[in-house]
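The residues making up each chain are set out below.
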Amino acid sequence: MTRQDLLSRTFVELADTLVENYDQIDFLHRLAERCVSLLGVAEAGVVLVGSEGQLRPLASSSERMHLIELIEVQRQDGPCLDCWRSGEAVREDQLTGAEARWPVFAPTALAAGFLSAYAVPMRLRDKRLGALNLFANQAYGLIEPDEAVAQAMADVATIGILHERFIRQREEVSEQLQVAFNARAVLEQAKGVVAAATSTDVDEAFALLRGYARHHKLLLSEVARQVMSRDLDVEAIRAPSGAPRGSPR
Amino acid sequence: MTRQLATIVGSLGHLGDPDASLDWLCRTCADELGMTGAAVALVPSSNDPGNIAASDERASFVVDLQFTSGEGPTIDAHRDGRPVLEPELATTTRWPAFAPEAVAAGVAAVFALPLQIGAANFGVLTFYRDRPGPLRDAFLVDALAMADVACEITLCLQARVPPGSLHEVIETLATERTVVYQATGMIMVQLGVGPEEAIAVLRARAYAVGRPVCEVAADVVSRRLRLDP
């Protein structure tokens, strides 16, 4: 496969997050691996901000890359932190001599054999997700045209991630709506079942259901569900002790 | 994007009160698409659509009638997850219980679009018109976009309340249904049947006597009425 072919295929894959078996970690690993294949850098890694606001290295092309990213995040020092804070790309073509810029990161990366480091932001307008890190074994390891390619890959991946999150949140809300509505329906139906079976009115039936739930330390919704699925005998609800007795309805 | 949709999307940004936005959407949809009215219904389970917003009484009736008869375009759109377009309700044979009553109420054409997000399909946007005739292609595109907007507003409302509870607009529908669910439970015991058959019996009675399901259900719950097998 030519570089051009791989590049085209990568962009298609990065845009395609709305697949049934989408897995964010797998997706980010592919982004990191393709950066290594396409950009001539030694290693690549993705650091994203979590729901609690902390940056986390989620995918790295190697373990040595992952360890350095962990140190960057923990010690709050390095190109990916600067990139995340500013929302702009960060370049360091010569890590030798960059100790003043990054007192923790620069010596660590040099000791691991990296001589240059780059980070491009993963953001869509004012929505910042994190950064894509690229480390090279030689100085001047990422030429500017390739930095533009890295940024384009980061952009497409960002849109893909945001799109998938948006759809998933909507699906969750839709499911919560259905679950809450159905729970309401099941509770009312259970009141009707208990009222008819015990020849009381629905208010008294509700009191019996609540009494049973409290006595057995169960959720009211769970008791209602059991009544409707006939896992719970209405006679058990009628008995003040809550003990099952009598014949099934 | 057509002019109509541009109007709607343009107005969305100026919505001061999101709680009123579904009613606003129903009225705007109807006006912009040359319809008489529109309603947003939730369909909590297989065939029980219930309105959470409607432009007018008759739009509301179109959906309520389907809850009573257990059939109609809104129910089909939800079940199949695709638009159901009926430009000529007077001549259709699709819904023998629903169509004649809707026509008698002055409903000549009905168009129902599912509210879908991913695989989930939780409601339907239903339009009606008091004259027959198709929904023009350009309008169908807008109507589908409006269904997306209705979907978005509904989920935004629900997203504001914690899991396990329902937004006020949706809670109102659940409360209206309370008596129907209670009656369903009673009929299950009285006739020894499952919930689906119980609600079918209730609907059949309501249909036979020409009264809303809620009223018949209230009679069952208060024991003024006992249904026989």
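Parameters and conventions
- Residues numbered from 1 in each chain as written.
- Chains lettered and ligands numbered in written order.
- Predicted model: local features only at pLDDT ≥ 70, side-chain atom pairs only at ≥ 80, totals over all residues.
- Heavy atoms only, no water.
- Salt bridge = Lys/Arg side-chain N within 4 Å of Asp/Glu carboxyl O.
- Helix = DSSP H or I, 4+ residues; strand = E, 2+ residues; numbered from the N terminus.
- Buried < 20%, exposed > 50% of the residue type's maximum accessible area, 1.4 Å probe, protein only.
- Pairing = 2+ DSSP bridges.
- Axes fitted to C-alpha atoms, helices over the stretch in contact; angles between N-to-C directions.
- Parallel < 35°, antiparallel > 145°, perpendicular 65-115°, else oblique.
- Contact = heavy atoms within 4.5 Å.
- Nonpolar A, V, L, I, M, F, W, Y, C, P; charged D, E, K, R; others polar.
- Polar contact = N/O pair within 3.5 Å; in protein donor to acceptor, adjacent residues only side chain to side chain.
- Phe/Tyr/Trp six-rings, centres within 6.5 Å; stacked < 30°, edge-to-face > 60°.
- Lys NZ or Arg CZ within 6 Å of the ring centre and 35° of its normal.
- Domains from an automatic or database assignment.
- Buried area = accessible area lost by both parts, 1.4 Å probe.
- Core = buried A, V, L, I, M, F, W, Y, C linked by side-chain atoms within 4.5 Å.

## As for the pattern of salt bridges
Residues and elements named next belong to chain A.
Thought 1: The tally for this structure, following the rule as stated, stands at 26 salt bridges over all chains.
Thought 2: Between Arg 30 and Asp 26 there is a salt bridge whose closest N-O contact spans 3.5 Å. Here the residue Arg 30 and the residue Asp 26 both occupy positions in helix H2 (residues 24-39), the gap between them amounting to four residues, near one helical turn.

## Things to note about the pairing of strand E5 (residues 127-136) of chain A
Across a regular strand the side chains alternate sides, sitting on one face of the sheet and then on the other.
All names here are of chain A.
Thought 1: Here E5 lies mainly inside the structure; eight of its ten residues are buried.
Thought 2: Sheet topology places strand E1 (residues 43-49) next to E5; six bridges connect them, and they run antiparallel. Considered in E5, the bridge of Ala 44 is made with Leu 134.
Thought 3: Pairing between strand E4 (residues 116-124) and E5: nine bridges, direction antiparallel. Each residue of the ladder has a partner; that of Tyr 118, found in E5, is Leu 134.
Thought 4: Two successive antiparallel strands, E4 and E5, enclose a turn made up of two residues, where Arg 125 displays a positive phi of approximately 50 degrees.

## Describing the packing of helix H1 (residues 3-15) of chain A against helix H6 (residues 144-198) of chain A
Residue and element names in this part refer to chain A.
Thought 1: The N-to-C vectors of H1 and H6 enclose an angle of 25 degrees; their axes lie 7 Å apart at closest approach. Between H1 and H6, the angle is such that the two are roughly parallel. Mapping the contact onto sequence places Arg 3, Leu 7, Thr 10, Phe 11, Leu 14 and Ala 15 in H1 and Asp 146, Val 149, Ala 152, Met 153, Val 156, Ala 157 and Gly 160 in H6.
Thought 2: A class-by-class count of the residues in the contact of H1 with H6 yields nine nonpolar, two polar and two charged.

## Digging into the pairing of strand E2 (residues 55-60) of chain A
Residue and element names in this part refer to chain A.
Thought 1: Of all six residues in E2, five are buried, a share of seventy percent or more.
Thought 2: Here E1 pairs with E2 via five bridges, running antiparallel. Its bridge partner being in E2, Gly 45 is matched across the sheet by Ser 60.

## Some points on the sheet that holds strand E5 (residues 120-129) of chain B
Residue and element names in this part refer to chain B.
Thought 1: Within the open sheet, the five strands sit side by side as E2-E1-E5-E4-E3. Their pairing is antiparallel. Taken across any chain shown, the strands that pair with only one partner, and hence form the sheet edges, are strand E2 (50-54) and strand E3 (84-86). For this sheet, the mean inter-axis angle between neighbouring strands, taken without regard to orientation, is 20 degrees.
Thought 2: Here strand E1 (residues 37-42) pairs with E5 via six bridges, running antiparallel. From the neighbouring strand, Val 40 faces E5, where its bridge partner is Leu 125.
Thought 3: Packed onto the sheet, helix H6 (residues 137-159) meets E1, E2, E3, strand E4 (109-117) and E5 and runs at close to 50 degrees relative to E4.

## Some thoughts on the sheet that holds strand E3 (residues 90-92) of chain A
Across a sheet, paired strands are connected by hydrogen bonds in the backbone, their directions being either parallel or antiparallel.
Residues and elements named next belong to chain A.
Thought 1: With respect to topology, five strands assemble into an open sheet ordered E2-E1-E5-E4-E3, the strand pairing being antiparallel. Each of the sheet's edge strands pairs with one partner strand only, and the pair in question is E2 and E3. The sheet shows a mean angle of 20 degrees between the axes of neighbouring strands, direction not considered.
Thought 2: In the packing of H2 onto the sheet, contacts are made with E1, E2, E4 and E5, and the angle to E1 comes to roughly 145 degrees.
Thought 3: On top of the sheet, H6 reaches E1, E3, E4 and E5; it is set at about 35 degrees to E4, its chief contact.

## Focus: the side chain of Thr200(A)
Thought 1: Within the secondary structure, Thr200(A) sits in the loop between H6 and helix H7 (202-215).
Thought 2: Reaching out from Thr200(A), the side chain makes a polar contact with the side chain of Thr198(A) at a distance of 2.9 Å.
Thought 3: Residues in contact with Thr200(A), not counting those within four places in the same chain, are Val194(A), Ala195(A), Ala205(A) and Arg223(B).

## Focus on the packing of aromatic side chains
Thought 1: Tallying each qualifying case throughout the model produces five aromatic pairs over all chains.
Thought 2: Here the aromatic rings of Phe114(A) and Phe135(A) are separated by 5.2 Å at their centres, their planes lie at 65 degrees, and the arrangement is edge-to-face. Within this pair, whereas Phe114(A) is found in the loop between helix H5 (105-111) and E4, its partner Phe135(A) is found in strand E5, the two being separated by 21 residues in sequence. With respect to burial, Phe114(A) and Phe135(A) carry one shared label: buried.
Thought 3: Arg210(A) extends its terminal NZ or CZ atom over the ring of Phe206(A), reaching a point 5.5 Å from the ring centre.
Thought 4: Geometry around Phe139(B) places Arg136(B) over its ring, the cationic atom sitting 4.6 Å from the centre.

## Things to note about the domain arrangement of chain B
All names here are of chain B.
Thought 1: Taken domain by domain, chain B holds domain 1 (3-159) and domain 2 (170-221).
Thought 2: Computed from C-alpha atoms alone, the centre-to-centre distance between domain 1 and domain 2 is 24 Å.
Thought 3: The interface of domain 1 with domain 2 comprises 13 residues on the first partner and eleven residues on the second.
Thought 4: Summed over both sides, the interface of domain 1 with domain 2 buries roughly 1,100 Å², with 61% coming from carbon and sulfur.
Thought 5: With its nearest N and O atoms 3.9 Å apart, the salt bridge here joins Arg 177 to Asp 48.
Thought 6: Scanning the region where domain 1 abuts domain 2 turns up three residue pairs in polar contact (both at pLDDT 80 or more).

## Brief notes about the interface of chain A and chain B
Thought 1: In this assembly, 27 residues from chain A lie in contact with 36 residues from chain B.
Thought 2: Taken together, both faces of the contact between chain A and chain B bury some 2,600 Å²; the carbon and sulfur share is 68%.
Thought 3: The interface formed by chain A and chain B contains two salt bridges.
Thought 4: The tally of links between chain A and chain B comes to five residue pairs in polar contact (both at pLDDT 80 or more).
Thought 5: Counting residues per element, the side of chain A that touches chain B draws most heavily on H6(A), at 21 residues.
Thought 6: Taken together, the residues of the side of chain A that touches chain B break down into twelve nonpolar, eight polar and seven charged.

## Observations concerning the nonpolar core
Thought 1: Ranked by internal contacts, the top residues of the largest apolar core, which has 43 residues, are Leu22(B), Val40(B), Ile52(B), Leu115(B), Phe122(B), Leu125(B) and Phe127(B).
Thought 2: Of all elements in the fold, only H6 of chain A together with helix H2 (21-32), E1, E2, E4, E5, H6 and helix H7 (168-191) of chain B reach the threshold of two or more residues within this core.
Thought 3: Core analysis: the second largest hydrophobic core is formed by 39 residues, Leu208(A), Ala236(A), Val193(B) and Leu225(B) among them.

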